[in-house]
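# Structure assessment
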Amino acid sequence: MRVYHHVLEKSKSGKSVIFKVYIDDRFGRQTVKHASVSGWRCSLAEKYLSLDREDWDDDVARKYVGMMLLKAARDRYEGTRFLNHVKSESRMEIHFWAYQLLTNRSAAGAWKTLYGDCL
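Quick summary incoming for the structure in this document. Keep in mind that what you see is a predicted model, and the values were worked out from it rather than measured.

Counting across every chain of the model gives six aromatic pairs. Here the aromatic cluster, defined as three or more aromatic residues joined through ring pairs, consists of F82, F96, W97, W111 and Y115. Sitting above the plane of the Y22 ring, R29 keeps its charged end 4.3 Å from the centroid.

Written as structure tokens, this is what we have:
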């Protein structure tokens, strides 16, 4: 049986925050790093995003989308706007964007084009 554990962890140096998934199965423990931010993005991630869950649910999807959009933000103000917009999105929108961000490299740019100017 495979067990997933989604977490946001500070790096050893404390300068960045990493979205990790720990996978435990019969082959041992594996770590997958999905996203990492540093600098002012790290302070926003620590302030708005905290995560320690086992199952992929709405909260984990929101945190993942927020983390990926922080990577695409130009400045602290835009990053805060993106995180606040992610909080207000519906479940279906969040899961759609999480899927797009997991599978498509240009999805963050598409999100910025769709929502960036109207916020």
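Right, let's get into the packing of helix α3 (residues 76-88) against helix α5 (residues 107-115). Orientation of α3 relative to α5, taken along the N-to-C sense of each, is 85°, at an axis distance of 12 Å. The orientation of α3 relative to α5 falls into the category roughly perpendicular. Packed against α3, whose contacting residues are E78, F82, H85 and V86, the element α5 presents W111, K112 and Y115 at the interface.

Across its 15 residues, helix α2 (residues 58-72) extends 21 Å between first and last C-alpha, which sits within 8% of the 21 Å expected from 1.5 Å per residue. Here α2 lies mainly inside the structure; 11 of its 15 residues are buried. If you check which residues of α2 are buried, you get V60, A61, K63, Y64, V65, G66, M67, M68, L69, L70 and A72.

To continue, consider the pattern of salt bridges. Under the definition given, this model contains seven salt bridges. One salt bridge connects K63 with D59, and the closest N-O pair in it is separated by 3.6 Å. One end of the pair is K63 and the other is D59, both in helix α2 and four residues apart, which spans about a single turn. Residue K63 is classed as buried on the basis of its relative accessible area, which comes to 13%. Across the salt bridge formed by R74 and E78, the nearest N and O atoms sit 3.1 Å from each other. Judged by its relative accessible area of 3%, E78 is buried.

Along the polypeptide, T31 turns up in strand β3 (residues 28-38). The class for T31 is partly exposed, based on a relative accessible area of 40%. Sequence-distant contacts of T31, that is, excluding residues within four places in its chain, are made with K20, V21 and Y22.

Turning our eyes to something else, we now look at the sheet that holds strand β1 (residues 3-10). Pairing in this open sheet of four strands is antiparallel, and the strands run β3-β2-β1-β4 from one edge to the other. Both outer strands of the open sheet, β3 and β4 (52-53), are each paired with one neighbouring strand and no more.

Parameters at a glance
Residues numbered from 1 in each chain as written. Predicted model: local features only at pLDDT ≥ 70, side-chain atom pairs only at ≥ 80, totals over all residues. Heavy atoms only, no water. Phe/Tyr/Trp six-rings, centres within 6.5 Å; stacked < 30°, edge-to-face > 60°. Lys NZ or Arg CZ within 6 Å of the ring centre and 35° of its normal. Axes fitted to C-alpha atoms, helices over the stretch in contact; angles between N-to-C directions. Helix = DSSP H or I, 4+ residues; strand = E, 2+ residues; numbered from the N terminus. Parallel < 35°, antiparallel > 145°, perpendicular 65-115°, else oblique. Contact = heavy atoms within 4.5 Å. Expected span 1.5 Å × (residues − 1). Buried < 20%, exposed > 50% of the residue type's maximum accessible area, 1.4 Å probe, protein only. Salt bridge = Lys/Arg side-chain N within 4 Å of Asp/Glu carboxyl O. Pairing = 2+ DSSP bridges.

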